[in-house]
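# Structural overview for review
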Amino acid sequence: MRHKMRWWWSLPLVHHRTTFFLTFLMLFPALMAVFTQENEINMPHQEVEFWAKKIGNHIYHLSNAFSQYADIKTNFENSEAKLQENDGLQLVKEMATDVTNMMKFKVEAVKRIMNVAEEASLDKEYKQDEEVEYYNAKRLNKFYPPEHKLKGELREGFKRLTLTENSHFDGIAVNENHSSVHVPTNVYDKAPDVINAIRWSGRLDRTFKSNYELDPTLSWQYFGSSTGFLRQYPASSWVMDEKDPDLYDARLRSWYIEAANSPKDMIILLDVSGSMTGLRREIAKHVVLNILETLNENDFVNVFNFSVETLELVPCFRDTLVQANLENLGEFKKALNYGETKDIANFTQALTQAFELLHRYNKSGQGSQCNQAIMVVTDGAPYNFEEIFAKYNWPHLQVRMFTYLIGREETKVRDLNWMACANKGYFVHVTTLAEVREQVLKYIPVMARPLVMYQSSHPHVWTGVYADIAGRRGAPGLREGYRLMTSVSVPVFDRKKTSVRTANLLGVAGTDVPIREIEKLVPPYKLGVNGYSFMVNSNGYVLYHPDLRPVHEEANAEFQDILKPNYNSVDFAEVELTDHEPGPRSNHSELLALRRDLIEQRGGEAVLDVKIHMDGMKRVVQRKQRYFTQKIGGTPFSLGIAMPEGYGKYKVHGQIELSRVIQDPRGAKAMDHFSTGNWTLHPDWVYCEYKYDQNRVDQSPEDLMKDFLSRAQKPHWKWRSTRTRPPPEPAMNQAQCDKDLVQSLLFDASVTNVYASSNRNMEDQLEGKNSVRHYFGMTTAFVATRSGLTRWIDLTRANPMDDAAQNNHSGEPHFMKMHNKAIDEVWYKRAVDYYEEDNEAYVYSVPFDAATRNPDDVLVTATRAIFIEENSYRKAPAAVVGVTIKHSKFVEYFKNETYKCPSYPSRDSNCKKAKTCESKSLDCYLLDDNGFIIASENDDDTGKFFGTLEGTIMESLVQSEVYKRVRIFDYQAVCLDTRLEPSIASILATPLQWIRWMANWMMGNIFWMLVKTHLYTLWDPNQAWAYTHTERDIQYPDLEEPPQDVFDYKEPSLEEPNNATEGSGEEDVLAEYEDVLGEIYYDIDGMHPDGKVPPDYDPPYGEEDGDFPSIELAYINKTHPRPCDKEVYLYKLQNHKLQQEGAYKPVKGKLSNCHTNGCGRPFSVQKVISTNLILVAVNNLCPCESRKVDIEPVEVDYNETMHCNRLLLQHFRKRPSTCYNYHPDEHEIKLCGGAGALGLPSLALLVLLTLVHIFNNLSFGS
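Residues numbered from 1 in each chain as written. Predicted model: local features only at pLDDT ≥ 70, side-chain atom pairs only at ≥ 80, totals over all residues. Heavy atoms only, no water.

### Some thoughts on the pattern of salt bridges
Scanning all chains against the criterion turns up 53 salt bridges. A salt bridge links Arg 360 to Asp 319; the nearest nitrogen and oxygen atoms lie 2.9 Å apart. Within this pair, whereas Arg 360 is found in helix 11 (residues 347-364), its partner Asp 319 is found in the loop between strand 10 (310-312) and strand 11 (322-323), the two being separated by 41 residues in sequence. Judged by relative accessible area, Asp 319 falls into the partly exposed class, the value being 45%. Close ionic contact of Glu 1127 with Arg 967 constitutes a salt bridge, the shortest N to O distance being 2.7 Å. Of this pair, Glu 1127 sits in strand 39 (residues 1119-1133) while Arg 967 sits in strand 38 (residues 963-978); the two residues are 160 residues apart in sequence, bridging distant segments of the chain. Judged by relative accessible area, which is 18%, Glu 1127 ranks as buried. Accessibility expressed as a relative area gives 24% for Arg 967, which makes it partly exposed. (Salt bridge = Lys/Arg side-chain N within 4 Å of Asp/Glu carboxyl O. Helix = DSSP H or I, 4+ residues; strand = E, 2+ residues; numbered from the N terminus. Buried < 20%, exposed > 50% of the residue type's maximum accessible area, 1.4 Å probe, protein only.)

In structure tokens form, the structure reads like this:
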């Protein structure tokens, strides 16, 4: 024994034992930490389950009690409300008939304008000294300022006209007794042909006014003259910025061009040989841009650059013609800014390639199958290439030739003029930027000749959708100024008999049809919640659809309210997203079949599984929908309706017959049903309207309804419920009401009349619960119904019926007054959809931006649908009830419950904090059915998507099938490309750089002044503005042997060096100033050469229907918007995956080995009963790196081939029914070309005006 002790205490061993003991002491804390972590990783699954049930039960019963759910549901069930089957085919036929009748009235009105215009044009000729009285829309009611000596007096050149704001015209001040005339900047309003047309078109005022009296639903009526002016009714002031030119020209609007021309296939040949430099190139580019502006979605086009070789301007569009929609035109405009000029122009190859492509399209049945044209833009041709025309175009002359000579060389006129005259075209000589638009527009009446010569036929045309900007006519509130329109127009012909054969187009008459007027005839209440209507034209583009988003809405305020580049060419297949899309732009056969039915105007029916995003593309639902289609007679449009399969098959039918209420003196009066609570009506629905007194003071829908019900009590009252045909004898102040909607409203008001302060049941409900109400934060109880009625009481006031009650102190309108669209509210739609998931559940939501708001103003909204059911198959939604809860109180209750242990009634020292959400090792969240945070321990998390905080956990919830990922494509997206700016270091430039800047500034002022003022109109207006009679018209009576000079010319060889330097000295000088010209070029056309918006650009107001928006609303600093496709993954809760044997059980999960030390993050998920919420508890001890899972859309990455395929994708379309491309007597018209000439005083006048312009700018800057 003693021996063993000595061994133990031997010195070497003592050293080792000491080391072991010290090591143990150092490792003890780490071992304890591991033990503690493993102990705390034992997740409180049972506690989470308990909390979820407790919270769910509590808020369910409170919401039921305060929303009066049971009372309202019982009232519906005990009333005479019945279920009726929705006959979709019959419904869409009735709606289509109403729309057809309305459209027919518009066509009749326009044809009356046309008839009067053609008769008025036959009046006596205008005399030079005759004074013509008219109201210039740009020169109305402008007075001298107070500091002027003539203060308060009318400015010189202006006229006084009484203008009154009119609700029918969007609150714009108008005069219904007169029309006003708009003359664009590029038109001289004193030219004889212009002033003569203004004179005789004054007779249209009586027709305008008569039309409006016959059909008070008419919007703006107008006549666009071929001379350039626009006469519109009613008269209004034209709003414009004094610093910018007025670029609006009616002849470039879709309604004008489509009526004046039949569809066309067009090839533009742009000369890019070595001589096309400097100013010539800029003019040529602008000519092409203006030609492109005249095209519409029924036309097909391609642009070729030609020198030694002939190549497509856009490589994607190789050997093809593309539809002239906004996106394709945008590709051409962008490509025009690139490329170089070199070599010699090979006209033979260019013309041959153009003819062969047009012939192939004509024979194959592709393209427009109507007119065909070649537009040659060049600075001269070596000879007339008669052999090519003889081979490809004679004798039938199927292709028209239009030639544009760029530059001042008179010697090059003859051959280009001959080409046009020999091929039913027109020749113009363009010498300055300022005259480009007028010269380009001369081709339109030439294309219209066959139509004009037939005389008897005046086909009316309907345009696609476009955004009319109310600010152009003086409407207040430009940020809300977009008005979606379609227009109907007819051509107006000159019927004068002349000794020389002519075919003059006088202009086009038309009227706007606001899309909202069409939607009024397709009332949403007939379609029910989550049902909707839409219209599609013959190209498959939508006129309106709930997912048509023409305005770009970006979180950054700088990018908001921007018209999208392709807003009016959104295809039906781009707004209906099938639930079986394997990838972007996939062709779903059933969807394309439905689209074809719409285009061919076949009435039919289809069923599709679709994905529908809502709430700013942050939520998604998947459902089966049934579609019904019907044609709109006399138009290229088809109407469609979509209704959810299941509850959309039926509708609740319950009405109170108003006539019985009036006849029964002992019964309740109609207004008695609205006696309790506060109430509003759907602001966009038409219950009643006064169609014959547009100047009456604007009334809210509620005031109109009160007024109508009070009138209905009077003797001899009767319904005037027809909404599509005006009464034969208009009666002032007679309201026209939708009988079904009004009587359904009375019924709903009766069954929801439960918020009475004198009602003992209500008092019993509230008695004893006031403390609970204040504790839990209930603020509002409300109900919304199928008829658009929303009524509520404020629970935060002693008197819940107080109309002035507010649920916040921020000064904002009451929550229910901001969310008063009933079945169109997101909370209403979600409650009805979620009924299929859980018919007892309330659907909870908070604002997405809740974290940025005042916490006292953030509300939780809880809604539950009320269905009328006959069995599990026959059911329909009747209403949605709900409450709003202060979020701070909601979170307080959430914490109080989750900080407790189930085995203890309250928190105390005996409660294991590691088992509650109070523990620092546990994070707890309430998530809604789309993954957004409703409540957490951190207020800054409220409203955020859970994946942005716990991306890895969110992915695990998807893998555990708690949530389902749904891929959504946005085919209307806009991508913003950043514009690079030069470095500030460029200020440190050499003196030479400063000289160059000064020269650029001088040249910019000169050319910008040229753009803003057409100088040649000042010294010889008759010569410069003559439309068909100019001194330089060159006519060839004998086209077989036209006079021509002999040129020593040979085709260029690829081996020959580029020695082409032809051109005048001005091009060489101006080549130094292409950046300046680029700015001018943008201001003229709204498109900068590099595709970007200059930072100092302040664009004018205008109407957008054929170009990228160039208006103040569309100004984006430092960026360039372009159309693109985006994709996003949204999330949807899968309730059935959380159930086991009919009960909700916790989902237990763990992120294993998510850190280098091997630890993991367990989590527990439990469904909160009777809600759309789940409770998620996550252990946070393991420092795992969590990646962010976002729901922001990202651009679909297409390679060059895929991008081209997307642009070239052409779905089925239907051509316009009429085509006028030939008349046997057209050869008798000899007029085929000419150009205005500048006089000798131009140089002196140019210098003088330039100096004045520069002086004004310097004065303005100082």
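Okay, back to it.
### Section: the packing of helix 4 (residues 69-78) against helix 22 (residues 739-751)
Two numbers describe a pair of packed helices, the interaxial angle and the distance between the axes. Orientation of helix 4 relative to helix 22, taken along the N-to-C sense of each, is 130°, at an axis distance of 9 Å. In terms of axis orientation, helix 4 runs oblique to helix 22. Residues Ile 72, Asn 75 and Phe 76 of helix 4 lie in contact with helix 22, whose contacting residues are Phe 747, Asp 748 and Val 751. The residue inventory of the contact of helix 4 with helix 22, partitioned by class, reads four nonpolar, one polar and one charged. (Axes fitted to C-alpha atoms, helices over the stretch in contact; angles between N-to-C directions. Parallel < 35°, antiparallel > 145°, perpendicular 65-115°, else oblique. Contact = heavy atoms within 4.5 Å. Nonpolar A, V, L, I, M, F, W, Y, C, P; charged D, E, K, R; others polar.)

### Some thoughts on the side chain of Ser 744
On the secondary structure map, Ser 744 appears in helix 22. Note on Ser 744: relative accessible area 7%, which makes it buried.

### Quick look at the pairing of strand 36 (residues 922-927)
Counting buried positions over the six residues of strand 36 gives six, a clear majority of the element. Side chains of strand 36 alternate between two faces, with Leu 922, Cys 924 and Leu 926 and Asp 923, Tyr 925 and Leu 927 buried alike. Of the pairings in the sheet, the one linking strand 36 to strand 44 (residues 1174-1179) comprises six bridges and is antiparallel in character. Each bridged residue has a counterpart across the sheet, and for Asp 923 the counterpart in strand 44 is Val 1178. What sits between the antiparallel neighbours strand 36 and strand 37 (residues 933-936) is a turn of five residues, in which Gly 931 has the positive phi angle 90°. (Pairing = 2+ DSSP bridges.)

### Quick word on helix 27 (residues 887-898)
The terminal C-alpha atoms of helix 27, which comprises 12 residues, lie 16 Å apart, in line with the 16 Å expected from a rise of 1.5 Å per residue. All of the buried residues along helix 27 are His 887, Phe 890, Val 891, Tyr 893, Phe 894, Glu 897 and Thr 898. For helix 27, the buried positions fall inside an angular range of 160° around the axis, keeping them on one side. (Expected span 1.5 Å × (residues − 1). Arc of directions from axis to C-beta.)

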